[in-house]
Amino acid sequence: MKSYRDLDIYNLSFEYALEVHKVSLKLPKFELYEQGSQVRRSSKSIKDNIVEGYGRRAYKQDFIKFLIYSHASLLECLSQLEMIDELYEIKEIKTLRTKYDLLGGKIYSFIQYVEKNWKT
C-alpha cells in the first residue's frame, strides 16, 4: 500500500461522496442548506477520516480511531439518506443507501483487519 488511494474503502467513499453531492442538489431549495448540507458533510467526512487515519498509520491506535470515525460518519450519512428517502422522492437515494450499507461492512472489516494484523 503506497497511498490511501490504494484502499478500496477510500475510492468507494470518494465516489459515493460525489454522488451524494450531486443528488443532494435535487432537494427542495429550503433543504439545500439544512438536510442537504448535513448529508454532504457526513459523506465527505467518511473519506476524509480514512485519509487522516492513513496519514497516522504508523500509530495503529490512531489509524483505528480514524477508521472508527469514518464508520461513524457513514452511519450519520445513512441516517440522513434515510430521512431524505422518507421525505422526498429522489430515485437515486435508495441506491445510495445500499451502496453505503455495503461500504459500512467493508470499513468494519478493514478495522478488524487493522486490529489483528497491522504492525506499528
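For the structure, check the block above.
Just so it is clear, the structure is predicted and the values come from calculations on it, not from any experiment.

1. Digging into the pattern of salt bridges
Alright, step 1. The full count for this structure, using the stated rule, is nine salt bridges.
Alright, step 2. Two residues, Lys47 and Asp48, come together in a salt bridge whose shortest N-O distance is 2.6 Å.
Alright, step 3. Judged by its relative accessible area of 16%, Lys47 is buried.
Alright, step 4. With a relative accessible area of 40%, Asp48 lands in the partly exposed category.
Alright, step 5. Of the charged contacts in the structure, one is a salt bridge between Lys94 and Asp85, with a shortest N-O distance of 3.0 Å.
Alright, step 6. What makes Lys94 exposed here is its relative accessible area of 53%.
Alright, step 7. Among the residues examined, Asp85 registers a relative accessible area of 13% and is labelled buried.
Alright, step 8. Salt bridges sharing common partners tie together Glu52, Arg56, Asp62 and Lys65.

2. What about helix H1 (residues 8-24)?
Alright, step 1. Between its first and last C-alpha atoms H1 spans 24 Å; for 17 residues at 1.5 Å apiece the expected length is 24 Å, and the two agree.
Alright, step 2. Considered for burial, the residues of H1 that qualify are Ile9, Tyr10, Leu12, Ser13, Tyr16, Ala17, Val20, Val23 and Ser24. For H1, the angular spread of buried residues about the axis comes to 160°, placing them on one side.
Alright, step 3. Lining the buried residues of H1 we find helix H2 (35-55), helix H3 (60-87) and helix H4 (92-117).

3. Concerning the packing of H1 against H4
A pair of packed helices can be characterised by two numbers: the angle between their axes and the separation between those axes.
Alright, step 1. The N-to-C vectors of H1 and H4 enclose an angle of 155°; their axes lie 10 Å apart at closest approach. Our classification of the angle between H1 and H4 gives roughly antiparallel. Regarding H1 and H4, the two cross each other, and that crossing is left-handed. Contacts between H1 and H4 involve Asp8, Ile9, Leu12, Ser13, Glu15, Tyr16, Ala17, Glu19, Val20 and Val23 from the first element and Glu92, Ile93, Leu96, Lys99, Tyr100, Leu103, Lys106, Ile107 and Phe110 from the second.
Alright, step 2. When the residues that make up the contact of H1 with H4 are grouped by side-chain class, the tally is twelve nonpolar, one polar and six charged.

Reading guide: rules and limits
- Within every chain, residues take consecutive numbers counted from 1 along the sequence as written.
- Local features in a predicted model are, by the rule used here, given only for residues with pLDDT of at least 70; side-chain atom pairs are given and counted only at 80 or more, and totals for whole chains, interfaces and linings are based on all residues.
- Calculated side-chain values reflect all of the structure's heavy atoms, with hydrogen atoms and water omitted.
- Just to be clear on terms, a salt bridge is a Lys or Arg side-chain nitrogen sitting within 4 Å of an Asp or Glu carboxyl oxygen.
- Categorising residues by exposure relies on relative accessible area from a 1.4 Å probe, with only protein chains included: less than 20% of the type maximum marks a residue as buried, more than 50% marks it as exposed, and the intermediate range marks it as partly exposed.
- Put simply, DSSP H or I for four residues or longer makes a helix, DSSP E for two residues or longer makes a strand, and each gets a number counted from the N terminus.
- Any helix carries an expected span of 1.5 Å times its number of residues minus one.
- It is the directions from the helix axis to the C-beta atoms whose arc is reported.
- Residues count as neighbours in contact if any of their non-hydrogen atoms are within 4.5 Å of one another.
- Lines fitted to the C-alpha atoms define the axes, with helices restricted to the stretch that makes contact. Angles between their N-to-C directions range from 0 to 180 degrees.
- Roughly parallel means an angle under 35 degrees; roughly antiparallel means over 145; roughly perpendicular covers 65 to 115; every other angle is labelled oblique.
- Rotating anticlockwise by less than a right angle from the far helix to the near helix defines a left-handed crossing, while the corresponding clockwise rotation defines a right-handed one.
- Any residue that is not Ala, Val, Leu, Ile, Met, Phe, Trp, Tyr, Cys, Pro, Asp, Glu, Lys or Arg is counted as polar, Gly included; the first ten are nonpolar and the last four charged.

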